[in-house]
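This is what each chain is made of:
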Amino acid sequence: MRISAPAVCCAGGCGSGSSFFLGGSTISQIYGHTGGLKPSQQRRVAKLYERRVAPQQIVTPELARQLAELSHETRRQIGVLVDRKGRVEYVIVGDAHRIELPDFRRMRTSPERFRGLRCIHTHLHAEPLTQDDLTDLALLRLDLMAAIVVDGQTGLPTVVYAAHLLPATAHQLREAHRSPYVFLEPRPPSQLNLDFLALISSLEEEMARNRRAARQAGTEERAILIGVTTGPLSEAEESMAELRELAASANIAVLDCVIQRRSAIDPHTVLGRGKLEEVLIRAMQLGADLIIFDRELQPAQVRSISEATDLKVIDRAQLILDIFAQRAQSREGKIQVELAQLRYRLPRLVVGQDSAFSRLAGGIGGRGPGETKLETDRRRVRDRINRLEREIELLRERRQERRKQRIRRHRPIVSLVGYTNAGKSTLLNALTASDVHVERRMFATLDPTARRLRLPREREVIINDTVGFIRDLPPDLIAAFRATLEEIRDSDLLLHVVDVSDEGWPRRFEAVERILRELGFATIPRLTVFNKTDLVDPASIAAAERQIEACGVRAHVFVSAIDRKTLDPLLARLDEALAHEDSLCGQPDWSAAELAAMRKI
Ligand SMILES: Nc1nc2c(ncn2[C@@H]2O[C@H](COP(=O)(O)OP(=O)(O)OP(=O)(O)O)[C@@H](O)[C@H]2O)c(=O)[nH]1
Ligand SMILES: [Mg+2]
């Protein structure tokens, strides 16, 4: 069995389905391959809509017999989808080997429930459930998949093969390679004495229990993270660890991480098709709400992956944008984030996916517009982008005015820059006895804060806290935050704060230097401030010192922002640097080749 594209059926049996009037006014649509059926056969197939099954039963012997007889006669598989009340909701005709289920994934179900439909269909060659049957069971989250074997001689049903899904926790999946399916013992239709309703409610209870257990305090959504790489596995793992941190910062519980190494990225599905199906089945078993890819997805890729699942699919850039959206406080911050989100999402608006607006209103989530709404949505997004750009331009001019005044007062400006979470705000607080918001999460700071700092030699400087950087910062975000980042441009000195307790610091250092270069700030003198020395042993500090000096960075200092005593050398260095700005010119303006060399350390 395979899931078909959203079913569009024409009346009268054109090969892709047909419609019938049964019992007066109701239209009963037969889905699938109806071409070539005699009108009398079509009528009998349509009559299947009138059958009822007791809710506790999987299938009645009568319905099984009718399905078998019709299949035998037409040499085609015939199937019905039955709801929890025992009503036949869909009738589908296939060919001798398969039938295609209508695609109803757009109708979302709660992640704590199955679809509320079981599929009962016939098999003409005595075959048990096929891999396609099982994949449909999982991807459509059906209550149950059953295949009635039709006797080739008599046309009567012999046995019923049936399977249902088994919810699991991430722990169970890791420990026991638990199969997602439970197969019932094959039995003749009259001996299927299982209370179907009781079974399905106990499975749904288990699913809800697992979800509650996976819900960590304060988390709102549950995700599976996917990394696909053509490079070294170690880099993919490091990047995945960062994606985990980002997810935590966005209040998302991570249920599982999957990394696949491939010789090439699949242009349609990113992962291989088989692997993608496996991930989707896993997501269903674990009760995930969304899948997050650790790379940028092209609009077409989002579309084709979304078509294979009713889970939400986002990429790393979108996750970062979501965090920014959750954090933005000031009017300017909010406008900048909204602009970045809209620019990012415009080419990615997909029919049936959440609209640009519902997402902004509701954070990560929601399903949205149909085809007709899409064009209106695109136009509205473009209009809004134009409005926001004008607003940002005004704010930018105001900012420039303020900066000019500051420069007129001749106070040197020092800006803290660095990777997110490096400790910039903590350092600002320690240096100026302020209480700027500090958090273990990434992107705690979005709005720049300026404070006055008095240096030992009575010199007063302005010190700026800025938004943290991250590897592969989404370009839309950089563009939108240009106004904020311009604050950095007028700095007399940059303090590049590096978290030395993070083993991956050289790569993070490199990412920040690269962004500074791209923003045109590489010529501003820089002092590298290794922070969090309280978390590492002296040997690691010495090793870091050797590494950085090997790269020609002489201007560096080691501190622990949570221990004021360690800040004196930094203050002295600042004083000295601002007294003779030339003393910092030893900081190289990194070329691409130097950055590559840095990376190999
Ligand atoms: N142990 C230790 N923790 C530190 C130190 N400096 C900062 N932290 C912690 O590191 C985390 C991040 O600190 P922040 O000051 O928010 O980092 P940031 O660079 O401003 O981060 P963003 O604003 O997100 O870019 C917080 O939990 C701090 O308490 C330090 O020297 N030692
Ligand atoms: Mg901060």
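Notes on the structure follow. Being a predicted model, the structure only gives us computed values, none of them experimental.

## Considerations on the site of ligand 1
Phase 1 of the analysis: Surrounding ligand 1, one finds 23 residues, the nearest of these being K424, T426, A444, T445 and D534.
Phase 2 of the analysis: Backbone polar atom of G423 to an oxygen atom of ligand 1: 2.8 Å apart, as the coordinates give it.
Phase 3 of the analysis: Within the side chain of K532, an N or O atom sits 3.0 Å from an oxygen atom of ligand 1.
Phase 4 of the analysis: In isolation ligand 1 exposes 650 Å². Once the protein is present, 89% of that is buried.
Phase 5 of the analysis: Among the elements that take part in the shell around ligand 1, helix α13 (residues 424–432) stands out by supplying 3 residues, more than any other.

## Side note on the coordination of the magnesium ion (ligand 2)
Phase 1 of the analysis: Protein coordination at the magnesium ion (ligand 2) comes from S425 (OG) and T445 (OG1), with a distance range of 1.9 to 2.1 Å. Of this pair, S425 sits in helix α13 while T445 is found in the loop between α13 and β16 (449–454), placing the two residues 20 residues apart along the sequence.
Phase 2 of the analysis: Residue classification places S425 among the buried positions, given a relative accessible area of 9%.

## Here's the deal with the pairing of strand β14 (residues 312–315)
For a regular strand, side chains alternate in direction, first toward one face of the sheet and then toward the other.
Phase 1 of the analysis: Burial along β14 is two-sided: the face carrying K312 and I314 and the face carrying V313 and D315 are both buried.
Phase 2 of the analysis: For strand β13 (residues 290–293) and β14, the ladder comprises 4 bridges, and the chain directions are parallel. Each residue of the ladder has a partner; that of I291, found in β14, is V313.

## Some points on helix α7 (residues 273–286)
Phase 1 of the analysis: Taking 1.5 Å per residue, 14 residues should reach 20 Å; α7 reaches 20 Å between its end C-alpha atoms and fits that length.
Phase 2 of the analysis: Every buried residue of α7 is listed here: L276, V279, L280, I281, A283, M284, Q285 and L286.
Phase 3 of the analysis: Immediately downstream of α7, the backbone of G287 shows phi near 75 degrees, a positive value.

## What to know about the pattern of salt bridges
Charged atoms that come close allow side chains of opposite charge to pair.
Phase 1 of the analysis: Evaluated as defined, the whole model comprises 36 salt bridges.
Phase 2 of the analysis: Of the charged contacts in the structure, one is a salt bridge between R316 and E242, with a shortest N-O distance of 2.6 Å. Of this pair, R316 sits in helix α9 (residues 316–327) while E242 sits in helix α6 (residues 233–249), and the two are 74 residues apart along the sequence.
Phase 3 of the analysis: Classification of E242 as buried rests on a relative accessible area of 3%.
Phase 4 of the analysis: Each member of the salt-bridge network shares a partner with another, and the members are E242, E245, D294, R316, R471, D472, D502 and R508.

What counts as what
- Residues numbered from 1 in each chain as written.
- Chains lettered and ligands numbered in written order.
- Predicted model: local features only at pLDDT ≥ 70, side-chain atom pairs only at ≥ 80, totals over all residues.
- Heavy atoms only, no water.
- Near = heavy atom within 4 Å.
- Polar contact = N/O pair within 3.5 Å; in protein donor to acceptor, adjacent residues only side chain to side chain.
- Areas by Shrake-Rupley, 256 points an atom, 1.4 Å probe, with all protein chains shown as cover.
- Helix = DSSP H or I, 4+ residues; strand = E, 2+ residues; numbered from the N terminus.
- Donors = N, O, S within 2.8 Å, 3.2 Å for Na, K, Ca; no water.
- Buried < 20%, exposed > 50% of the residue type's maximum accessible area, 1.4 Å probe, protein only.
- Pairing = 2+ DSSP bridges.
- Expected span 1.5 Å × (residues − 1).
- Salt bridge = Lys/Arg side-chain N within 4 Å of Asp/Glu carboxyl O.

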